[in-house]
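# Breakdown of the fold
In case you want the letters, here they are:
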Amino acid sequence: RATSNHKVKETVALELSYVNSNLQLLKEELEELNSSVDVYQNESESISVPMIPLGLKETKELDLLVPLKNFITEHYGEEGVLFEKEIKEFMELRQAMRTPSRNEAGLELLMEYYNQLYFLDNRFFPPTKSLGVFFHWYDSLTGVPSHQRSLAFEKGSVLFNIGALHTQIGARQDRASLPGLNQAIDAFQKAAGAFNYLKENFSNAPSLDMSAASLNMLVRLMVSQVQECVFEKMTFLCAQHDFLARLQLAQEAARVEDVYSLVHQTMTQAHVKDYVPFSWTTMVHVKSEHFKALSHYFAAIALCDCPVASDAELPEQEKAFIQFHVTMPEGPSLRVLLQDPEERRKLGKAHLKKAIMKHEEAMRIHGLCKILRKMDILQEVLSFAHKRSLSKYSEIDHEEDFFETGDAPDIHPKTHQKPEIKSPNFSQVKVTDLFHRLGPLSVFSAKNKWYPARRIHLMRGENGFGFTLRGDSPVLIAGVIPGGCAAEAGLKEGDYIISVNGKDCKWSKHAEVVQLLKSTGKEGVEIGVITLQGSEGPKAADKKTTAMSSGSGLLKSNKENSRKSLMNSKGPSTLLVWSKKSKRSKKSTSGVPFTAVGDNEAM
């Protein structure tokens, strides 16, 4: 529109197409980097199947100095410049949180920042007004930027990174040892918990990685990786030539195949299919086939390598074998099958035939993905398992076998350690309110409004000052005697005492304020008070006092309310104000702010 010159238009169009093609190439490279499976794997010499870790979401720097100083001046009536130290400390914490170390210290840093956002939300984000600050975050897989004014977006992104960091810690464990396996199981369970918590407590995500469909897929993926680690753990613990132990391993492998099949179905659904990296979908599909092959291999080993049951062992083996197959194999009765070596060999051979077919299918699918083909370790694992099954097949295959090898029934999936989705334990990282000096959150928060502070000079009369006090931090004027000194000076029921003779009393206990008032001489006392807007009058004051004296805050049914005790806040306080989840219509939610969801009726 800027020119009517066709030659200039053509030149600009050509240059733009060149820029666009470069951007497209960069985007593809970025996707490949962000979804890279081998980046965070362990570096030990042992061969183990690689796990899928997530890259962290990245964010832009954020300058909160001016917005927070302005808010402190306008809302709290304090000098914003006096809080520069606290604001800078918060900004330094945010800066450090952008690049956490890949260990427990990094997780603690993210938790500390997440917990600190609770105070920031209550202090500076009123429900009806925006602070005018945008939070910029990039999609974990595609790098696509998103920004919102909602602090819930910041919280959700940090929570996502807590989950992602757990996946990286899990993937880098040395799973050739039992301690390494247990740590990997713990890390993936915690990752599943973080993603599940995010899915249940937040809605309307502006980026695809935090959509309900993606988070559901990630929870299932983490549970599958836990199940895979449980199988590896069982291979360590099971006795070599024990029939029941081999059956158990076969069932564990079948369970891993089962959960990976579910993840593969989830990854190929409409909302997720075009977003999930092809290398992830292929890896999950490969693992599904690989573990199905292993389940048949271990079934064959149990039948062919373990000694025939004695009369004493038979009842226990019969009981285990009845529940082993999805459908009972054709042929002789169970007792004959378990005691006849030839019948065992026939069924074992059928299982091996199926195992070899599944190994070959896993290798075929693996070969379709360029990124996975570069992963030597995965190729090595698949090739080793395939050769092992072929070797066993040739060992039990007799030249005089004229029977046609039957089709072995599938193995019933069963696990001896069910994965646990471990929700984040926010209480493990204690934090104190950086903006503690503003006063107790029960009164001095963004959602409350109060009239300008008043300074009232009181002289002690014959019957004292003429008012009664109640509560702590801050102390409340519970009653004013009509005609007394306090009533004449303009003190009201429901006022909060914030200073006595210039001494700040926002955090003072009841006894401390009483002592300060008692110690005044003939010259009288000057007290600073504030009145909350909407709390004027005896009834409102009583309501406020009741809420305070209960010490439980206002949000009784809040999903995050269990975190209250862990915040080291010294006064009664309420937790994050989630917006209540409503039955949304099928209309588009574009433009709807990312919100934290919970029950807020008590508010």
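Preceding this section is the structure that the text describes.
Residues numbered from 1 in each chain as written. Predicted model: local features only at pLDDT ≥ 70, side-chain atom pairs only at ≥ 80, totals over all residues. Heavy atoms only, no water.

Let us look at the side chain of E257. Here E257 is to be found in helix α8 (residues 243–267). Notably, E257 is buried but unbridged: the nearest opposite-charge side chain belongs to K292, and the N-O separation is 4.4 Å. Setting aside anything within four residues of it in sequence, one finds E257 in contact with S288, F291 and K292. (Helix = DSSP H or I, 4+ residues; strand = E, 2+ residues; numbered from the N terminus. Buried < 20%, exposed > 50% of the residue type's maximum accessible area, 1.4 Å probe, protein only. Lys, Arg positive; Asp, Glu negative; His and termini not counted. Salt bridge = Lys/Arg side-chain N within 4 Å of Asp/Glu carboxyl O. Contact = heavy atoms within 4.5 Å.)

This next bit is on the packing of α8 against helix α11 (residues 314–322). Direction vectors running N to C along α8 and α11 enclose 10 degrees, while the axes themselves pass 10 Å from each other. By the angle between their directions, the pair α8 and α11 is classed as roughly parallel. Contacts from F243, L244 and L247 in α8 reach E316, Q317, A320 and F321 in α11. Residue composition of the contact of α8 with α11, by class: 5 nonpolar, 1 polar and 1 charged. (Axes fitted to C-alpha atoms, helices over the stretch in contact; angles between N-to-C directions. Parallel < 35°, antiparallel > 145°, perpendicular 65-115°, else oblique. Nonpolar A, V, L, I, M, F, W, Y, C, P; charged D, E, K, R; others polar.)

This next bit is on helix α4 (residues 104–124). Given a rise of 1.5 Å per residue, 21 residues ought to cover 30 Å, and the 30 Å separating the end C-alpha atoms of α4 matches this to within 8%. The buried count for α4 comes to 17 of 21 residues, which makes it a mostly enclosed element. The N-terminus of α4 is capped by N103, whose side-chain oxygen sits 3.1 Å from the backbone nitrogen of A105. (Expected span 1.5 Å × (residues − 1). Polar contact = N/O pair within 3.5 Å; in protein donor to acceptor, adjacent residues only side chain to side chain.)

Turning our attention to a negative patch on the surface. On the surface, a cluster of negative charge is contributed by E89, E92, E104, E108 and E112. Those elements that provide at least two residues to the negative patch are α3 (84–97) and α4. For the negative patch, the leading source of residues is α4, giving 3 residues. (Patch = residues over 30% accessible without salt bridge, like charges linked within 9 Å, V, L, I, M, F, W, Y side chains within 5 Å. Areas by Shrake-Rupley, 256 points an atom, 1.4 Å probe, with all protein chains shown as cover. Charge placed at Lys NZ, Arg CZ, Asp CG, Glu CD.)

So, about the pattern of salt bridges. Scanning the model with the defined rule gives 24 salt bridges in all. With a closest N to O distance of 2.9 Å, D209 and K57 form a salt bridge. With D209 in the loop between β3 (202–203) and α7 (212–237) and K57 in the loop between α1 (6–34) and α2 (65–76), this residue pair connects regions lying 152 residues apart in the sequence. By the burial criterion, D209 is buried, and K57 matches it. E228 serves as the salt-bridge partner of K287, at 2.8 Å between the closest nitrogen and oxygen. Taken together, the positions of K287 in helix α10 (residues 278–305) and E228 in helix α7 put the pair 59 residues apart, joining distant regions of the chain.

Let us look at the pairing of strand β5 (residues 467–470). Burial along β5 is one-sided: the face carrying F467 and L469 is buried and the face carrying T468 and R470 is not. As defined by bridge partners, β5 adjoins strand β6 (residues 475–480) across 4 bridges and the pair is classed as antiparallel. Bridged to F467 within β6 is V480. (Pairing = 2+ DSSP bridges.)

For the rest of this paragraph, the subject is the packing of aromatic side chains. Considering all chains together, one arrives at 19 aromatic pairs under this definition. Ring geometry for F231 against F298: centres 6.1 Å apart, planes inclined by 65 degrees, an arrangement best described as edge-to-face. Residue F231 is found in helix α7, and its partner F298 is found in helix α10; the two are separated by 67 residues along the sequence. F298 matches F231 in its accessibility class, with the two residues each being buried. (Phe/Tyr/Trp six-rings, centres within 6.5 Å; stacked < 30°, edge-to-face > 60°.)

In this section: the nonpolar core. Note on soluble globular proteins: their nonpolar side chains tend to be buried together. With 134 residues, the main nonpolar core has F124 and F321 as its most contacted residues. The dominant element in this core, judged by the number of residues it contributes, is α10, at 13 residues. Within the second largest apolar cluster, 18 residues are counted, among which are V475, V500, V513 and V525. (Core = buried A, V, L, I, M, F, W, Y, C linked by side-chain atoms within 4.5 Å.)

The values are spatial; any link to function lies outside them.
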